[in-house]
Amino acid sequence: MKKLAIAAAALVIGTASASAADLAARPYTKAPAPVVAVYNWTGFYIGAQVGYAWGDNSTTEFVTATGVPTGFTRGFNTDGFVGGGHIGYNWQFGQFVFGLEGDIEGADIKGGYRLANLNGTDFRIDAQASIRGRLGVAFNNSLLYVTGGAAWADMDHTYVFANTLFETHSSTRTGWTVGAGWEYGFTPNWSARLEYRYTDFGSFRNNSIFSFPGFTYEHDPVFHTVRGGISYRFGGPVVAKY
């Protein structure tokens, strides 16, 4: 019996050792890599924006018949709020995003001056629009971009004689605009943006008929505008990367 017990104990110990060896030899399995969300900027989008514009303009006087300047020039500041909608499309290639965007806005941008004799100029923009290209670099759901293109604005220049006779010249002016911005996608389809743009409408002249007959007035409006906006993009879901 003693020999049998010793043999049984040896068998148990050998089996346990073999089991321990088998456990030590089990292969190591690496945990799967975490899923990383990659934001996709490609797609058609629409949105709305509001902002504040400020700038400079001037009135320079010329003799209409000869085009000779009279020596009178008066600069003045302009400012006001803008707001409207935008529409566009983005294409994303790797980290780079290319896009085309148009916007249209109502505006209440005003400015002007009065001299001691109460002669002067009043200025206003009540609507404006632009078509621009966009080029950006995406850091997942954060997009830094530059933008530039053509701009239009409906402008009124009113020439005032003695603060009693008002002569308004209305025209749609074409200019150019450039800027930069930051857009942040806070859901797969919604994004918010903050943008600055500089807009220049060049120089142009109006012939006064009633207020100051025989004289022409040249203007050169330029603007700085800061806008905040929100956009909804159709399609282009967030995809998973392993």
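No experiment lies behind these values; they were computed from the predicted model shown.

Definitions and cut-offs
- Residues numbered from 1 in each chain as written.
- Predicted model: local features only at pLDDT ≥ 70, side-chain atom pairs only at ≥ 80, totals over all residues.
- Heavy atoms only, no water.
- Helix = DSSP H or I, 4+ residues; strand = E, 2+ residues; numbered from the N terminus.
- Buried < 20%, exposed > 50% of the residue type's maximum accessible area, 1.4 Å probe, protein only.
- Areas by Shrake-Rupley, 256 points an atom, 1.4 Å probe, with all protein chains shown as cover.
- Salt bridge = Lys/Arg side-chain N within 4 Å of Asp/Glu carboxyl O.
- Core = buried A, V, L, I, M, F, W, Y, C linked by side-chain atoms within 4.5 Å.
- Contact = heavy atoms within 4.5 Å.
- Polar contact = N/O pair within 3.5 Å; in protein donor to acceptor, adjacent residues only side chain to side chain.
- pLDDT = per-residue confidence, 0-100.

1. Re the overall build of the protein
Scanning the protein from terminus to terminus reveals 1 helix and 12 strands. When the helices and strands of the protein are listed from N to C terminus, the series reads α-β-β-β-β-β-β-β-β-β-β-β-β. Per-residue burial over the protein gives 36% buried out of 242 residues. Carbon and sulfur atoms provide 68% of the accessible area of the protein, an area that totals close to 13,300 Å².

2. Topic: the pattern of salt bridges
All chains considered together, the criterion is met by 13 salt bridges. Note that Arg-132 and Glu-101 form a salt bridge whose closest N and O atoms lie 2.6 Å from each other. Highlighted residues: Arg-132 in strand 5 (residues 120–139) and Glu-101 in strand 4 (residues 96–114), separated in sequence by 31 residues. The structure contains a network of salt bridges with shared partners spanning Glu-101, Asp-103, Arg-132, Arg-134, Glu-183, Arg-193, Glu-195 and Arg-197.

3. Thoughts on the nonpolar core
Residues Ile-109, Phe-123, Ile-125, Met-155, Phe-201 and Phe-223 are the most contacted members of the largest nonpolar core, which totals 14 residues. The set of elements that each furnish at least two residues to this core consists of strand 3 (69–93), strand 4, strand 5 and strand 6 (142–161). Those residues in contact with Met-155 that sit more than four places away from it in its chain are Phe-123, Arg-124, Ile-125, His-169, Ser-170, Ser-171, Arg-173, Phe-201, Phe-204 and Pro-221. Tyr-39, Trp-41, Ala-138 and Leu-143 belong to the second largest nonpolar core, which has 6 residues in total.

4. A word on unusual backbone geometry
With phi around 70°, Leu-118 is a residue other than glycine that occupies positive phi space. Its place among the elements puts Leu-118 in the loop between strand 4 and strand 5. For Asn-140, which is not glycine, the phi torsion reads 60° and is therefore positive.

5. Here we look at the side chain of His-157
Mapping His-157 onto the fold places it in strand 6. The buried category is assigned to His-157, whose relative accessible area is 1%. Among the polar contacts listed, one links the side chain of His-157 to the side chain of Asn-57, at a separation of 3.2 Å. Leave out the neighbours within four places in its chain, and His-157 touches Asn-57, Thr-121, Asp-122, Phe-123, Glu-167, Thr-168, His-169, Phe-204, Asn-206 and His-219.

6. Concerning the confidence of the model for the protein
Looking at the protein as a whole, its pLDDT mean stands at 88, while 82% of the residues score no less than 70. This model gives residues 1–24 a pLDDT under 50, and the stretch forms 0 contacts once residues within four places in sequence are excluded.

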